[in-house]
Amino acid sequence: MSDTRPIKLACRNVWKVYGRRPGYYFDSRGYVIDPDALAERLRAEAHLPAVVDATFEVATGEIFVIMGLSGSGKSTLVRCLSRLVEPSAGEILFDGKDLLKATGKELIELRRHAMGMVFQNFGLLPHLTILGNVAFPLKIQGKPVKEREARAREMIALVGLEGREGSYPHQLSGGQQQRVGIARSLAVGPELWFLDEPFSALDPLIRRQMQDEFLRLQRMLRKTIIFITHDMGEAFRLADRLAIMRAGKIVQIGRPAEIVLNPADDYVAQFTEDMPLLRVIKAGDLATPLAGASAPDQSVAADASLEELIPRLASGVGAFAVLDTGAGAPALLTASSVLAVLEREQKRRTRS
Amino acid sequence: MTAPAVSFRSAPRVAIEPGLLPWCVFMVLTALCLVLKTDFPWLVTFPKEWTLPLAPAINAVTDAVVTVVQPVFRALSAVLDAPMRGARTVLVWLPWPAVMLAVAALALKSSGVRLAVFALLALGYILLAGYWPQSMSTLSLVLLAVPISTMLGFGLGVLGHASPRLRPALLGTLDLMQTVPAFAYLIPLLLLFGFGPVVGLIASAIYATPPMVRNTMLGLGRVPSDIGEAGLMSGCTRRQQFWQVEVPTALPQILVGFNQTTMAALSMVIVAAIIGGFEDIGWEVLSSMRKAEFGQSILSGLVIALLAILIDRLTIGFAKPRPAGPTVAMIWMTGRRLVATLVLAVALAAAIRLLWPDDRLLPASGLRMQVGGVNQWLLGVVRDYAWLFDDIRNAVLYCLLLPLRIGISGAATPALWGFSLPPAAIAAYCALVLALAGLSTRGSGWRAGLAVLVTGLVLYTGFLGLPWPVFILGMALLALQVAGVRLGLFALAGFILILVNGLWPQLIQSLYLCTLAVLLCLLIGGALGVWAAYSDRVSRILKPVCDALQTMPQFVFLIPALMFFKVGEFTALIAIMLYAIVPPIRYVEHGLRHVRADVVEAVEQMGATPAQSLFQAKLPLALPVVMLGLNQTIMAALSMLAIAALVGTRDLGQAVYVALGKADAGMGLVAGLSIAFLAILADRLIQAAVSGRPAA
């Protein structure tokens, strides 16, 4: 489904190496680098490869989640994408233009208009009110007071904080502060939205609410999103596609269903072991083209999870027509393919 | 595993820890020096012929340099003189009702009604006591020194933050600026700028800059990375990032720096009165102290104290928002109303001056004119109770000061203690020290044993009787083992430099005075701190006392000490202790109150008595904080040395003070740097001991 949308951001062979002279390892142009061998060598020579050869593409309007444990390099990677951290090597194409070649001025322009970012610890300015914080990016651009305050009020209403405009950050709860962070990052109307562990500092209950809120906003706004998290449940819940990182390297990229059904290696398998297949896999993931046959009477939405289908299967339905797959025509979902997943889940349970 | 059990058991006894070995050599050397000291007196008193003429050399260089650059500095002095006179004229011209209105408005804005009432009372007292013009003179110096220090400090702080390469040099300079007593650099300043209040202004500016630098660096360094990145992602240019993101976020810390800078400037302006010539409040205190007019010196000392507290609370109110949120009065006093009030105050001033152009509107004869009786009464009290104060003084002098200074061997003579020690008693003393050392070695390791041994030695010979090679070697060895080679070399070089400059006796005097003061402060202050940690009531009583003691300019502490105990070493000791006792109280209380509760609960659950839980759990856990307090105590004691020289001591402070009198820049600098050296050495030693690992 993502194939039909244009690529917004492409990241090709991006490295970030900390150490005495990281540049030394990347001046051999034209050679094909074996990433694992180079990472090994860097570690042996007292360098820290925080991001190893990251390559991926994000389509317009997609939620791309980067997941990994702490220290796996995901925060460094997202900072490379926004050039808060200067990558050691590689290419980052934003709308086909290499971000790494942008001058300081161009970069400031890009950040002012095309990018927004939300931070784990909110990053709110303590001396400004909520209104001042949300209006801050516009103030930096030199927008007149009236215009920026009107826009800021609009954003504050969007995240549901009307009436708190005059408060200061320390007077708000964590969840409310992050709403302000979200409003601020959206104030300039960015095309590209980075969220670096935005909900990790919040209580589980609030986190869940904020995820719902986030999905609601995304349905309205359709931004291109890079979302960083270490919480697997959050990743599988929000992602259109997700990348799993380990020790600086992306070990697998795919849609949630692909990853749980075909883990690339034991690490990913172990990592995703506890994810309930029936909840992660959606009807659209298992649908096959009708291939001329007539559509069954019973129909389901493509984003319905298999779990929702079980009661209907139990009442004896043999096949569903899957709607809104993005391909236009409805597709076919047979009961047997759902039952196959159910069987697999059963096996996983008994093994562990 | 099959090795014979015998060798296994004897191995730990034979093996000497590598750290202990040099100390064994050191003990042998000490014994040797003590035996030889009657035959070779140079072991104890460094011969005059061996000193190097470093101070005269500095003087020669200074003189040469001064004659060249003097015109520049004199011109600068003239330039600074104009705004100073201007500020002073304006402040003295302002009629007191206008000043009171303005200050009360500021206090209301800063921290509410209570401070405003305090401000009115304090200013009212200053007015009634008859020190209004003098206070305004002092304030005018502070008002000029503070902006200079603030801007300079902010600039340097930003520089230090932005350039990690410059930072070590900057921090070293700050250490020197804060530890070299101001009297020492008053001399070259006097040579450069000539006599007059400008020197006081510049000395204040130098002394008051470091806190601003440190707090600016601290504040900027502590801006959370999330906030910095949020600024960058909003598309800030470098300048926007600095002025709109970093500085506002660091502002509370920077304002704390401003508060400390202001207090330092006030303290220094008052001390600078020693060079005289300016009719300010410091001069009033000093001259009344010299004339032994205790009534006046108490009245004027109180003026300083009130001014200090008022300025401190005003500035801290702006720096730190109240945890409970602003009071009603603070909200009422909006920025606009504040400006309106200030304008009103100026209008009032102009109106008063227009209506009564010549009248100074001051109480015709201030309180201080009528304190002759009070003087008499105070002198009478002091005379009537002289026996009490003398007894206290003599008791401390003979039981504590003398044994530390000249040792038991020196004090136990018929003239001092009324008896002399028979050889048997000396042998018994030696045996006792050795036994104690052995016991503590078994109980808590060879370091404790060594400490007992050294203490026994110092008590026997006294600080003055200690052979200098032993002392220098011991200190260098200690620095080496606690903090690494570099500090060891630093200690060695520093002490040798002091030695060859002929300042050894003064150094030993300083050390012994400071050691005693610090020990007593730790004992008394520590006990008070423990008490305050256990009792909220004591804590509530001690807090304002500590606050007041800490905001007070050092000068003020001389007044009561001098009044009761007359000129002398004991008076200096009391003054030093008054100034240095706050850190132990504060840090011990804070350390004990913030010990991890789960550990204490675990210990109490095991059935520890309150004493056991205090001495075996809480104090050891609070040790790092207590050590910080110790560090501050030592710094305070050393910085008070120079001031205490005014009441008669024979230490490095006195050397600085004497040099000031003789305009001997070389000697003043050398003695001042010696004090700074002691302070820096103590600071690094304690820091290394707290962090627990030697810096390479």
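Keep in mind that this is a model prediction, so the values were computed, not measured.

**Student:** Explanation requested: the overall build of chain B in the structure shown.
**Tutor:** From N to C terminus, chain B includes 29 helices and 0 strands. Scaling as 2.2 N^0.38, a compact globule of 696 residues should have a C-alpha radius of gyration of about 26 Å, and chain B matches this with 28 Å. Each principal axis of the C-alpha distribution contributes one length, and for chain B these read about 100 × 65 × 60 Å. Taking the intrachain contacts of chain B between residues at least 6 apart in sequence as the baseline, contacts between residues at least 24 apart amount to 79%.

**Student:** Sorry if this is basic, but what is going on with the domain arrangement of chain A here?
**Tutor:** Where interface size is quoted, it is often the accessible area lost as the parts come together. All names here are of chain A. Considered domain by domain, chain A is made up of domain 1 (2–114 + 190–275) and domain 2 (279–351). Here the C-alpha centre of domain 2 lies 31 Å away from the C-alpha centre of domain 1. If you look at the interface, domain 1 gives 7 residues, while domain 2 gives 6 residues. With 3 residues, helix α9 (residues 256–261) is the largest single contributor of residues to the side of domain 1 that touches domain 2. Residue classes in the side of domain 1 that touches domain 2 are distributed as 5 nonpolar, 1 polar and 1 charged.

**Student:** Explanation requested: the sheet that holds strand β12 (residues 299–301) of chain A in the structure shown.
**Tutor:** Paired through their backbone hydrogen bonds, the strands of a sheet run either parallel or antiparallel. Residues and elements named next belong to chain A. One open sheet accounts for 4 strands, arranged β11-β14-β13-β12; its pairing is mixed. Two strands close off the open sheet at either side, each with one partner strand: β11 (288–289) and β12. Sheet topology note: the strand β13 (residues 319–323)/strand β14 (residues 331–334) ladder contains 4 bridges and is antiparallel. Note that in β14 the partner of Val 322 across the bridge is Ala 331.

**Student:** What's the story with the pairing of strand β4 (residues 89–94) of chain A in this structure? I'm lost.
**Tutor:** Looking along a regular strand, one sees side chains alternate from face to face of the sheet. All names here are of chain A. The pairing of strand β1 (residues 7–18) with β4 spans 5 bridges and is classified as antiparallel. Note that in β4 the partner of Trp 15 across the bridge is Ala 89. Here β4 pairs with strand β5 (residues 97–98) via 2 bridges, running antiparallel. Across the sheet, the residue bridging to Leu 93 is Asp 98, located in β5. Connecting β4 to the next strand, β5, in antiparallel fashion are 2 residues, including Asp 95 with a positive phi near 55°.

**Student:** Looking at this structure, I do not really get the nonpolar core. What am I missing?
**Tutor:** Most often, soluble globular proteins keep nonpolar side chains buried together rather than apart. In this structure, Ala203(B), Ala517(B), Leu558(B), Ala575(B), Ile576(B), Ala580(B) and Val656(B) are the most contacted members of the largest nonpolar core, which totals 176 residues. It is helix α21 (residues 504–534) of chain B that contributes the most residues to this core, 15 residues altogether. Residues in contact with Val656(B), not counting those within four places in the same chain, are Pro181(B), Phe183(B), Ala184(B), Ala642(B), Ala645(B), Gly668(B), Ala671(B) and Gly672(B). In terms of nonpolar packing, the next biggest core, distinct from the first, is built from 92 residues, Phe119(A), Ile156(A), Leu286(A) and Val245(B) among them.

**Student:** Sorry if this is basic, but what is going on with the domain arrangement of chain B here?
**Tutor:** All names here are of chain B. Taken domain by domain, chain B consists of domain 1 (74–361), domain 2 (388–466) and domain 3 (504–696). The distance between the C-alpha centroids of domain 1 and domain 3 comes to 26 Å. With 30 residues of domain 1 at the contact, the number on the domain 3 side is 30 residues. Broken down by secondary-structure element, the contributors of at least two residues to the side of domain 1 that touches domain 3 are α7 (167–179), α8 (182–193), α11 (238–271), α12 (281–290) and α13 (294–319). Ranked by residues supplied to the side of domain 1 that touches domain 3, first place goes to α13 with 9 residues. Within the side of domain 1 that touches domain 3, the residues separate by chemical class into 23 nonpolar, 5 polar and 2 charged.

**Student:** Just checking my understanding: could you explain the interface of chain A and chain B for this structure?
**Tutor:** The interface of chain A with chain B comprises 19 residues on the first partner and 16 residues on the second. The set of elements that each furnish at least two residues to the side of chain A that touches chain B consists of α3 (104–113), β6 (115–118) and α4 (130–140) of chain A. Here the side of chain A that touches chain B is composed, by residue class, of 11 nonpolar, 6 polar and 2 charged.

**Student:** Looking at this model, I keep getting lost on the packing of helix α24 (residues 569–580) of chain B against helix α27 (residues 610–644) of chain B. Mind explaining?
**Tutor:** All names here are of chain B. Relative to each other, α24 and α27 sit at 140°, their axes nearing to 9 Å. With respect to each other, α24 and α27 are oriented oblique. At the point where α24 passes α27, the crossing takes the right-handed sense. Listed contacts from α27 to Ala 572, Ala 575, Ile 576, Tyr 579 and Ala 580 of α24 are Thr 633, Ala 636, Ala 637, Met 640 and Ala 644.

**Student:** Hey, could you run me through the confidence of the model for chain A in this one?
**Tutor:** Detailed reading of the predicted coordinates is not advisable wherever pLDDT is low. Within chain A, residue pLDDT values average 87, and 95% of them lie at 70 or more. Taking the mean pLDDT of every element in chain A, the minimum, 79, falls on helix α14 (residues 335–351) of chain A and the maximum, 95, on strand β8 (residues 224–229) of chain A.

**Student:** Just checking my understanding: could you explain helix α20 (residues 485–500) of chain B for this structure?
**Tutor:** Since the α-helix packs 3.6 residues into each turn, any two residues three or four apart lie on the same face. Residues and elements named next belong to chain B. Along its 16 residues, α20 runs 23 Å from first to last C-alpha, staying within 8% of the 22 Å computed at 1.5 Å per residue. Inspection of α20 places Leu 487, Ala 491, Gly 494, Phe 495 and Ile 498 among the buried residues, and these make up the whole buried set. On an axial view of α20, the arc spanned by its buried residues comes to 90°, and they lie on one face. Of the exposed residues in α20, the ones pointing more than 90 degrees away from its buried face are Val 485 and Ala 493. On its buried side, α20 packs onto α19 (468–483), α21 and α29 (665–691). Following α20 by one or two positions, Gly 502 has its phi on the positive side, about 75°.

**Student:** Explanation requested: the packing of α21(B) against α24(B) in the structure shown.
**Tutor:** For any two helices packed against each other, the geometry is given by the interaxial angle and the distance between the axes. Residues and elements named next belong to chain B. Contact geometry of α21 with α24 gives a least axis separation of 9 Å together with a crossing angle of 50°. When the interaxial angle is binned, α21 and α24 end up oblique. Every pair of crossing elements has a handedness; the one defined by α21 and α24 is right-handed. Seen from α21, the contacting residues are Leu 513, Leu 516, Ala 517, Val 518, Leu 520 and Cys 521; seen from α24, they are Glu 569, Ala 572, Leu 573, Ile 576, Met 577 and Ala 580. A breakdown of the residues in the contact of α21 with α24 according to their chemical character gives 11 nonpolar, no polar and 1 charged.

The rules behind each value
- Residues numbered from 1 in each chain as written.
- Chains lettered and ligands numbered in written order.
- Predicted model: local features only at pLDDT ≥ 70, side-chain atom pairs only at ≥ 80, totals over all residues.
- Helix = DSSP H or I, 4+ residues; strand = E, 2+ residues; numbered from the N terminus.
- Rg over C-alpha atoms; globule rule 2.2 N^0.38 Å.
- Contact = placed C-beta atoms within 7 Å.
- Domains from an automatic or database assignment.
- Nonpolar A, V, L, I, M, F, W, Y, C, P; charged D, E, K, R; others polar.
- Pairing = 2+ DSSP bridges.
- Core = buried A, V, L, I, M, F, W, Y, C linked by C-beta atoms within 7 Å.
- Buried ≥ 20, exposed ≤ 12 C-beta atoms within 10 Å, placed from the backbone.
- Axes fitted to C-alpha atoms, helices over the stretch in contact; angles between N-to-C directions.
- Parallel < 35°, antiparallel > 145°, perpendicular 65-115°, else oblique.
- Left-handed = near helix turned anticlockwise from the far one by under 90°.
- pLDDT = per-residue confidence, 0-100.
- Expected span 1.5 Å × (residues − 1).
- Arc of directions from axis to C-beta.

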